[in-house]
Amino acid sequence: MLVNELAKEDLITAALIGEGYLDTFNDEDQLVIPFAKEKSFYLYNLLKDKTYKDAIKFEARRGQFKIDISNNSSLVHSWYENGQKVFKKELAFKYLSFRSVVIAVNIFGERKIEGISVPSTIPSRYIRTLSYCIERKLNLTVVSGKNCIKIPEVPNLFLDTYKNLDTFDSTQLLSYLTKAEKSKLVEISIRKSGEYYVEN
């Protein structure tokens, strides 16, 4: 599969993990993704890639954008049964990736005391399975909540994203860190730099 096709699949999967939904009032195959105003800069950096040029329609006043899924309808429809979102383990093996999860966190995530909460329109009876599959993909603790998944290990998620994905993905995650978490990461970084200097 081409890189740009994988990038689009990751975005669509991220939307389905969160609050993205099929536009059933339109004849065209479109996925609607609502977003908060403060996520605009991240979305601009994510979607300026030519991969999405002809597939995205922004509706800023309504706080949403739409993705043309005419070439990805099998992906989207596999997340639906009888007009309702579902999640099954086989979807994780086929579509879930580290990047799709991070995109979902960056678009939909909200910082809470206990970590990042990612709201989802997937019915609650599937949330536990989704949380388990995301936990396996991230190799971090993920907790199922009411209509959401929760990721308590925010600093570790940031570090893994920094090492493996684009800068703007980790920059958005940086905004979820508390002052105490940022200070601790700086301390660890300084300590590791010192160790490296001593060893060499």
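Residues numbered from 1 in each chain as written. Predicted model: local features only at pLDDT ≥ 70, side-chain atom pairs only at ≥ 80, totals over all residues. Heavy atoms only, no water.

Take the pairing of strand E3 (residues 56-59) next. Moving residue by residue along a regular strand, the side chains alternate between the two faces of the sheet. In this structure, E3 lies alongside strand E4 (residues 64-68), joined through four bridges in antiparallel fashion. Residue pairing in the sheet places Phe58 in a bridge with Phe65 of E4. (Pairing = 2+ DSSP bridges. Helix = DSSP H or I, 4+ residues; strand = E, 2+ residues; numbered from the N terminus.)

Of the residues in the protein, 91% have a pLDDT of 70 or more, and the chain-wide mean is 87. Predicted confidence is poor over residues 195-200, with pLDDT under 50, and the contacts of this stretch with residues over four places away or in other chains come to zero contacts. (pLDDT = per-residue confidence, 0-100. Contact = heavy atoms within 4.5 Å.)

Time to look at the sheet that holds strand E1 (residues 21-22). Read across the sheet, four strands follow the order E1-E2-E4-E3 without closing on themselves; strand pairing throughout is antiparallel. Of all strands in the sheet, those with a lone pairing partner are E1 and E3, marking the two edges.

Attention shifts here to the state of the cysteines. In this structure the tally under the stated criterion is zero disulfides. In this structure Cys133 is a free cysteine whose sulfur lies 17 Å from that of Cys148, the closest cysteine sulfur available. (Disulfide = S-S within 2.5 Å.)

Strand pairing in a sheet takes place through backbone hydrogen bonds and is either antiparallel or parallel in direction. Pairing is antiparallel across the open sheet formed by four strands, whose spatial order is E7-E8-E10-E9. Where the open sheet ends on each side, the last strands, each with one partner, are strand E7 (110-112) and strand E9 (143-145). For this sheet, the mean inter-axis angle between neighbouring strands, taken without regard to orientation, is 30°. Sheet topology note: the strand E8 (residues 115-119)/strand E10 (residues 148-151) ladder contains four bridges and is antiparallel. Opposite Val118, over in E10, you have Ile149 as the bridge partner. Sheet strands touched by helix H5 (residues 98-108): E7, E8 and E10. Its angle to E8, the strand with the most contacts, is close to 90°. (Axes fitted to C-alpha atoms, helices over the stretch in contact; angles between N-to-C directions.)

Relative to each other, helix H2 (residues 40-47) and helix H8 (residues 167-174) sit at 170°, their axes nearing to 10 Å. It follows that H2 is roughly antiparallel to H8 by the angle criterion. Between H2, through Tyr42, Asn45 and Leu46, and H8, the contact on the second element is made entirely by Phe168, Asp169 and Gln172. Counted by class, the contact of H2 with H8 contains three nonpolar, two polar and one charged residues. (Parallel < 35°, antiparallel > 145°, perpendicular 65-115°, else oblique. Nonpolar A, V, L, I, M, F, W, Y, C, P; charged D, E, K, R; others polar.)

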